[in-house]
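# Structural features, examined
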Amino acid sequence: MALVDIPGSKSLTARALFLAAAADGVTTLRRPLRSDDTEGFAEGLTRLGYRVGRTPDAWQIDGRPQGPALAEADVYCRDGATTARFLPALAAAGHGVYRFDASPQMRRRPLLPLTRALRDLGVDLRHEEAEGHHPLTVRAAGVEGGEVVLDAGQSSQYLTALLLLGPLTRTGLRVTVTDLVSAPYVEITIAMMRAFGADVGREGNTYVVPPGGYRATTYAIEPDASTASYFFAAAAVTGGEVTVPGLGAGALQGDLGFVDVLRRMGARVEVGADRTTVAGTGELRGITVNMRDISDTMPTLAAIAPFASGPVRIEDVANTRVKECDRLEACAENLRRMGVEVATGPDWIEIRPGAVPTGADVKTYGDHRIVMSFAVTGLRVPGISFDDPGCVRKTFPGFHEAFARTGLGTAAADR
């Protein structure tokens, strides 16, 4: 049995950094994720004039309910979607001129539904090049509040950014959502806002956020459930066993639901109060599954699908096409390189068992989730390599070392 210490959640760390910066007082974050994305978020706060103190196990942030300390700033968001989407909303609540830019990868990712909503709320926001993409400039004068309609069918982060902004507005927000993907991430946002003293109500498809700001607190970041999916999948596909402490029945993250997919396929799953264990049983059945709410784990399932006894069909994952790369096509391309039969559609992928997968050089597109997913495939398929294995630094710089320490490759070799 492998006991795996998973780093803190990227999603929780990013939200906690926003909330801490907006709160009245000094917030301590315990066990935050230290990765390229979260370091980029913290650096962005520093560029806006917030004080962020960092030690190995805790970060302290001096909150400024009135907004950024600086009246003018340039922020580079790196590859981080949460940084690129949340920080302009935080800056809008202040007073000053703030320019945001990002990596070429992040520049390609869509932003328009969020920036349209911010403009509808009176925010002076201008895209400097392609409309709906970075770079952009916010000329901030606070946000009055009001009602806005939002399409969050591409990313729940659009809605999260507006909800986080809500308590900082003068009159509060009413956000009516016409479409929503990855809904569990919005529930994470709401739970964390409440932990920082704010409230969110809901009337059908309308989220209601009163004004009033946030209170500083001490907040512990739970392990990242999306990252844990690779270790759980590794146990299922090798016949090994993995336990992740800190992720249990009370976890905020919807991606822990991936273990239910593994259970349906034949793995043994135990979810305790503060830990989750997955053990392989030697059986991996085919499955048809809707992964709209846990789409970040779609590549994890695709990577183990060739070892199932029947076809694995993953549906309602159109939003995975606008992540760090087109993940649906990236999975299909790499599986085909290994000799696996794959079919795709606009929002689905089907992997059909048959030929034994063979080693191949995985094209990562600089996407950390492609690397970590196909590392699981590599436990059963010799000769898999990656054109950019280091891109895991985005969320888990020590992934390869931690994965090797599980010994699950040895378990696979003994099958």
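Use the structure listed above.
The rules behind each value
- Residues numbered from 1 in each chain as written.
- Predicted model: local features only at pLDDT ≥ 70, side-chain atom pairs only at ≥ 80, totals over all residues.
- Heavy atoms only, no water.
- Helix = DSSP H or I, 4+ residues; strand = E, 2+ residues; numbered from the N terminus.
- Pairing = 2+ DSSP bridges.
- Axes fitted to C-alpha atoms, helices over the stretch in contact; angles between N-to-C directions.
- Contact = heavy atoms within 4.5 Å.

This paragraph deals with unusual backbone geometry. Backbone phi values are negative for most residues with the exception of glycine, while trans is the configuration of most peptide bonds. The residue after His134, namely Pro135, is reached through a cis peptide bond having omega 5 degrees. Mapping Pro135 onto the fold places it in the loop between β8 (124-127) and β9 (136-141). The backbone of Arg78 shows a phi angle near 55 degrees, a positive value even though the residue is not glycine. Inspection of the secondary structure assignment puts Arg78 in the loop between β6 (72-76) and α3 (81-92). Phi is positive for Tyr365, which is not a glycine, with a value near 55 degrees. Assignment of secondary structure puts Tyr365 in the loop between β23 (361-362) and α12 (368-377).

Attention now moves to the sheet that holds strand β21 (residues 341-344). As a general point, the strands of a sheet are linked pairwise by backbone hydrogen bonds and lie either parallel or antiparallel. If you walk across this open sheet you meet the four strands as β19-β20-β22-β21, and the pairing is mixed. The sheet terminates laterally at β19 (287-290) and β21, the two strands that pair on one side only. On average, each strand axis in the sheet is inclined to that of its neighbour by 10 degrees, with strand direction left out of account. The pairing of β19 with strand β20 (residues 312-315) spans four bridges and is parallel. Residue Val289 lies in a different strand from β20, and its bridge partner there is Ile314. Against the sheet, helix α9 (residues 258-265) touches β19 and β20, its axis set at about 160 degrees to β19.

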